[in-house]
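Breakdown of the fold
Take a look at the letters that make up each chain.
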Amino acid sequence: MAEATPRSAGRAHRRLCVGLTGGIGSGKSALAAMLAAHGAAVLDADVVAHELTAPGGAAIAPIREAFGAALIDARGALDRAAMRALVFAQPAQRLRLQAILHPRIARELQVRAAAAPGAYLVLVVPLLVESLARWRAEVDRIAVVDCAPELQLQRVIARSALAPDQVRAIIAAQATREARLAAADDVVDNSGDLAALQRQADALHLRYLRGI
Ligand code: ADP
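Residues numbered from 1 in each chain as written. Predicted model: local features only at pLDDT ≥ 70, side-chain atom pairs only at ≥ 80, totals over all residues. Heavy atoms only, no water.

So, the packing of aromatic side chains
In the structure shown here, the tally under the stated rule is one aromatic pair. The interplanar angle of 65° and the centroid separation of 5.5 Å between the aromatic rings of Tyr 120 and Tyr 208 together place this pair among those described as edge-to-face. A residue pair is termed long-range when its members are at least 10 positions apart, and Tyr 120 in the loop between helix 5 (92-114) and strand 3 (121-124) and Tyr 208 in helix 10 (residues 194-210) qualify at 88 residues. The residues Tyr 120 and Tyr 208 share a single accessibility class, namely buried. Positioned over the ring face of Phe 67 is Arg 96, at 4.7 Å from the centre of the ring. (Phe/Tyr/Trp six-rings, centres within 6.5 Å; stacked < 30°, edge-to-face > 60°. Helix = DSSP H or I, 4+ residues; strand = E, 2+ residues; numbered from the N terminus. Buried < 20%, exposed > 50% of the residue type's maximum accessible area, 1.4 Å probe, protein only. Lys NZ or Arg CZ within 6 Å of the ring centre and 35° of its normal.)

Have a look at this one:
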């Protein structure tokens with residue numbers, strides 16, 4: 001296993017910075033909660049992305065400038081439905097949006113990381129592999145929570161009101177299981193029960209404490 005050299009978001013405190021990802025329903029949040037309970041500093045990139053695109057968020061003005069007022073709703077937030085329709089019709093627009101959002105998300109995570117106590121830092125990034133090159137520059141290691149798509153489907157349906165076809169569509173739109181595994185430094189197999197996930201969280205925590 002390669003030695004990790006702390007940089008970027010983790011560098012402020014010279015501590016290891018782990019990017020944690022996985023498909024919808026894979027168990028990212030469950031694993032992140034276990035690592036947080038062990039004392040890791042855990043931050044969620046989606047939470048930051050939502051704040052940046054909420055009314056008054058720092059990404060609203062640049063989004064309006066790049067895409068026009070039609071992408072901003074009456075409350076002054078990013079109109080997610082309009083943006084989804086746009087990037088579906090014109091995939092290149094997604095890159096423009098990411099070019100606006102990603103640096104701001106990364107910067108805000110660095111600010112929050114500096115104020116977050118913990119022996120190491122875990123950034124939960126649901127779409128990490130979808131923007132792999134950008135995130136690789138932000139984290140020392142990539143941890144992937146892995147399970148079969150059928151299990152993701154079951155878990156998401158059990159916890160939400162989404163219909164099976166909606167969940168299948170989300171899974172199909174995300175990076176493939178293979179792409180995620182190819183990007184992983186650490187793979188957490190979440191095809192077992194929560195006790196099995198906890199055992200892996202315990203082992204991973206000890207490794208991350210040591211800095212690898
Ligand atoms: P993600 O954050 O990747 O979308 P979650 O951590 O929210 O996924 O997990 C999806 C759902 O499945 C949650 O309700 C969670 O409690 C449950 N879950 C996760 N891992 C397991 C497991 N090993 N056994 C049973 N339920 C699980």
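From this point, the narrative continues.
Some details on the environment of Phe 67
Take Phe 67: it is sitting in helix 3 (residues 60-67). Overall, the relative accessible area of 13% leaves Phe 67 in the buried class. Considering only alpha carbons, one finds Phe 67 and Arg 96, 29 residues apart in sequence, at a separation of 9.1 Å. Sequence-distant contacts of Phe 67, that is, excluding residues within four places in its chain, are made with Met 83, Leu 86, Gln 93, Arg 96, Leu 97 and Ile 100. (Contact = heavy atoms within 4.5 Å.)

Comments concerning the site of the ligand
Taken together, 14 residues surround the ligand, and among them Gly 25, Lys 28, Ser 29, Arg 159 and Asn 190 come closest. The side chain of Lys 28 places a nitrogen or oxygen atom 2.8 Å from an oxygen atom of the ligand. For the ligand, the protein covers 76% of the area, taking 560 Å² as the surface of the free molecule. Among the elements of the structure, helix 1 (28-38) and helix 7 (149-159) are those that each provide at least two residues to the shell around the ligand. If one sorts the elements of the shell around the ligand by residue count, helix 1 sits on top with three residues. (Near = heavy atom within 4 Å. Polar contact = N/O pair within 3.5 Å; in protein donor to acceptor, adjacent residues only side chain to side chain. Areas by Shrake-Rupley, 256 points an atom, 1.4 Å probe, with all protein chains shown as cover.)

Quick notes on the confidence of the model for the protein
Taken residue by residue, the protein gives an average pLDDT of 93. The fraction at 70 or more is 94%. A low-confidence stretch, residues 1-7 stays under pLDDT 50, and its non-local contacts, those more than four residues away or across chains, total 18 contacts. (pLDDT = per-residue confidence, 0-100.)

Some words on the sheet that holds strand 1 (residues 17-21)
Reading across from one edge, 2-3-1-4-5 is the order of the five strands in this open sheet, with parallel pairing throughout. Taken across any chain shown, the strands that pair with only one partner, and hence form the sheet edges, are strand 2 (41-44) and strand 5 (186-189). Going from strand to strand, the sheet's axes swing by 25° on average, the running direction of each strand aside. As judged from the four bridges shared by strand 1 and strand 4 (residues 141-146), these two strands associate in the parallel manner. In the sheet register, Val 18 faces strand 4, and the bridge partner there is Arg 141. On top of the sheet, helix 1 reaches strand 1, strand 2, strand 3, strand 4 and strand 5; it is set at about 150° to strand 1, its chief contact. (Pairing = 2+ DSSP bridges. Axes fitted to C-alpha atoms, helices over the stretch in contact; angles between N-to-C directions.)

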